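Reading the structure
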Amino acid sequence: MTYKNIDVYNLIKPEILKLRKIGIDTANLDCRLLLSESLDRYETIYNHQNIYISEKEMKKFKNLIQQRLSGKPVSRIINKRSFWKKEFELNDATLDPRSDSETLIETVIECYPEKLECLKIIDLGSGTGCLGLSLLGEYPCSKVSFFDTSKKSLEMVKTNAQNFDLLERSKYINLDWNFRDWHKKLLKIENNMKYDIAISNPPYIPTKDIKILTKEVKKYDPFIALNGGKDGLDSYRSIFFNLSNIIKSNGKVFFEIGKGQENDVTKIAIKHGLFPKEYKKDLSGVTRVIIFGIK
Ligand SMILES: C[S@@+](CC[C@H](N)C(=O)[O-])C[C@H]1O[C@@H](n2cnc3c(N)ncnc32)[C@H](O)[C@@H]1O
């Protein structure tokens, strides 16, 4: 195979211009990520580098750029997304992890600074497993049960757990929190052992707002991972209905919420035996995570 020695910026400049023309602000980064993927390289490629590229790799790069030009997000083209300290694989059944959700990880770490604590954690609506697996990376003695109604997303969690060598401390539970007595099935699976911590980033977009989300979100993120019902709060109602039955009396609950949902979510939680302890903002100053205790 013959390789061409080429300057990265010269290679990607025309592609950057095409992506910018259709309004993609992250054009430079996107091109470099797609180039890394084409070259099968794990590390980031920079503008100033010189690379060797074969014809086949060049063809692949052009094809990936074409997909990006059609509006497909980079994470969906390469089926990968960096979150917290790891790179997660995605599939079409999983939400593309959002950097705002890292607020939840920071909040848990602030509340539990002793990293060698052996915590039993449940990740409700686990998607790629980005929340629970990130916590397993931080707490080497802890265990996480991943709970999702989507079998395909649980398969993705398992793959990610395997990639990070975290399989032994992970459990996969395929249940639906819309089923009224979901906690009974869960406790049976867990031999009646309750959790120290529950974490969740449930679907919280009101159904009518989904159609006004960007194409990248509404076309590529699964509807079930976005749809929070009429007012966006259906999942909070279903989860809080049974949550105090599965958490230890000194346990804590960490929930991500959508913008402006803090009062409504707090009211639902109080109705079901939880009390708010703290509200945490994300980097944009939006209240993103609520910590609850058990009454
Ligand atoms: C907003 S996504 C969050 C995914 C992941 N935790 C994250 O932060 O990227 C919500 C997740 O809840 C799951 N889910 C939706 N409805 C559910 C239900 N009724 N029971 C269990 N899981 C559900 C979806 O499959 C999806 O994985």
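The rules behind the values
- Residues numbered from 1 in each chain as written.
- Predicted model: local features only at pLDDT ≥ 70, side-chain atom pairs only at ≥ 80, totals over all residues.
- Heavy atoms only, no water.
- Near = heavy atom within 4 Å.
- Polar contact = N/O pair within 3.5 Å; in protein donor to acceptor, adjacent residues only side chain to side chain.
- Areas by Shrake-Rupley, 256 points an atom, 1.4 Å probe, with all protein chains shown as cover.
- Helix = DSSP H or I, 4+ residues; strand = E, 2+ residues; numbered from the N terminus.
- Nonpolar A, V, L, I, M, F, W, Y, C, P; charged D, E, K, R; others polar.
- Buried < 20%, exposed > 50% of the residue type's maximum accessible area, 1.4 Å probe, protein only.
- Pairing = 2+ DSSP bridges.
- Right-handed = clockwise from strand over helix to strand, strands pointing away.
- Domains from an automatic or database assignment.
- Contact = heavy atoms within 4.5 Å.
- Buried area = accessible area lost by both parts, 1.4 Å probe.
- Salt bridge = Lys/Arg side-chain N within 4 Å of Asp/Glu carboxyl O.
- Core = buried A, V, L, I, M, F, W, Y, C linked by side-chain atoms within 4.5 Å.
- Axes fitted to C-alpha atoms, helices over the stretch in contact; angles between N-to-C directions.
- Phe/Tyr/Trp six-rings, centres within 6.5 Å; stacked < 30°, edge-to-face > 60°.
- Lys NZ or Arg CZ within 6 Å of the ring centre and 35° of its normal.

1. Description of the site of the ligand
The local shell around the ligand holds 19 residues, among which Gly 125, Asp 148, Asp 176, Asn 201 and Ala 225 are the closest. One of the side-chain nitrogen or oxygen atoms of Asp 148 is found 2.7 Å away from an oxygen atom of the ligand. A distance of 3.1 Å separates a nitrogen atom of the ligand from a polar backbone atom of Trp 177. Burial of the ligand by the surrounding chains reaches 97%, relative to a free accessible area of 600 Å². Of all the elements in the fold, those that place two or more residues in the shell around the ligand are helix H6 (130-138), strand E6 (143-148) and helix H11 (223-226). Residue composition of the shell around the ligand, grouped by class: eleven nonpolar, six polar and two charged.

2. Observations concerning the pairing of E6
Burial runs high along E6: five of the six residues are buried. Two elements, E6 and strand E7 (residues 170-174), share five bridges in a ladder whose sense is parallel. Directly across from Asp 148, in E7, lies its bridge partner Asn 174. Remark: the E6/helix H7 (residues 151-163)/E7 crossover connection has right-handed handedness.

3. With respect to the domain arrangement of the protein chain
Many structure descriptions define interface size as the accessible area lost when the parts assemble. The domain architecture assigned to the protein chain consists of domain 1 (3-78) and domain 2 (80-294). Each side of the interface is counted separately: domain 1 has ten residues, and domain 2 has 14 residues. Buried surface at the junction of domain 1 and domain 2, both sides included, amounts to about 940 Å², of which 41% is carbon and sulfur. Run the count over domain 1 and domain 2 and you get three salt bridges. With a shortest N-O distance of 2.7 Å, Asp 221 and Arg 76 are connected by a salt bridge. In this structure, the connection of domain 1 to domain 2 is made through ten residue pairs in polar contact (both at pLDDT 80 or more). When residues in the side of domain 1 that touches domain 2 are grouped by element, the largest group, three residues, is from helix H4 (residues 74-78).

4. A look at the nonpolar core
By size, the foremost hydrophobic cluster in this structure holds 34 residues, and its most contacted members are Phe 240 and Leu 243. Listed by contribution, the elements that provide at least two residues to this core are strand E5 (120-124), helix H8 (182-189), strand E8 (195-200), helix H12 (234-243), strand E9 (247-256), helix H13 (262-271) and strand E11 (287-294). Ranked by the residues each element gives to this core, the list is headed by H12, at four residues. When residues no more than four places from it in sequence are discounted, the contact partners of Phe 240 are Phe 255, Val 265, Ile 268, Ala 269, His 272, Leu 274 and Phe 292.

5. Looking at the sheet that holds E5
Pairing in this open sheet of seven strands is mixed, and the strands run E7-E6-E5-E8-E9-E11-E10 from one edge to the other. In the strand order of this sheet, the two ends are held by E7 and strand E10 (274-281), each with one partner. Across the sheet, the mean angle from the axis of one strand to that of its neighbour is 20°, orientation sign disregarded. H7 contacts E6 and E7 of the sheet and is inclined by roughly 175° relative to E7. Where H13 meets the sheet, it contacts E10 and E11, and its direction lies at approximately 15° from that of E11.

6. A short note on the packing of aromatic side chains
Going through the model one piece at a time under the given rule, you end up with ten aromatic pairs. Seen from their ring centres, Phe 147 and Trp 177 are 6.2 Å apart, and the 15° between their planes marks the pair as stacked. Here Phe 147, found in strand E6, pairs with Trp 177, found in the loop between E7 and H8; they are 30 residues apart in sequence, far enough to count as distant. Each member of the pair, Phe 147 together with Trp 177, is buried. Each ring, one from Phe 147 and one from Trp 182, has its centre 5.5 Å from the other, and the planes form 75°; the classification is edge-to-face. Here Trp 182 lies in helix H8 and Phe 147 lies in strand E6, a separation of 35 residues in the sequence. Assigned by exposure class, Phe 147 and Trp 182 land together as buried. A connected cluster of aromatic rings, assembled from ring pairs, spans Tyr 236, Phe 240, Phe 255 and Phe 292. The ring centre of Phe 164 lies 5.1 Å from the NZ or CZ of Lys 86, which sits over that ring. Looking at Lys 185, its charged tip hangs above the ring of Phe 179, at a distance of 4.5 Å from the centre.

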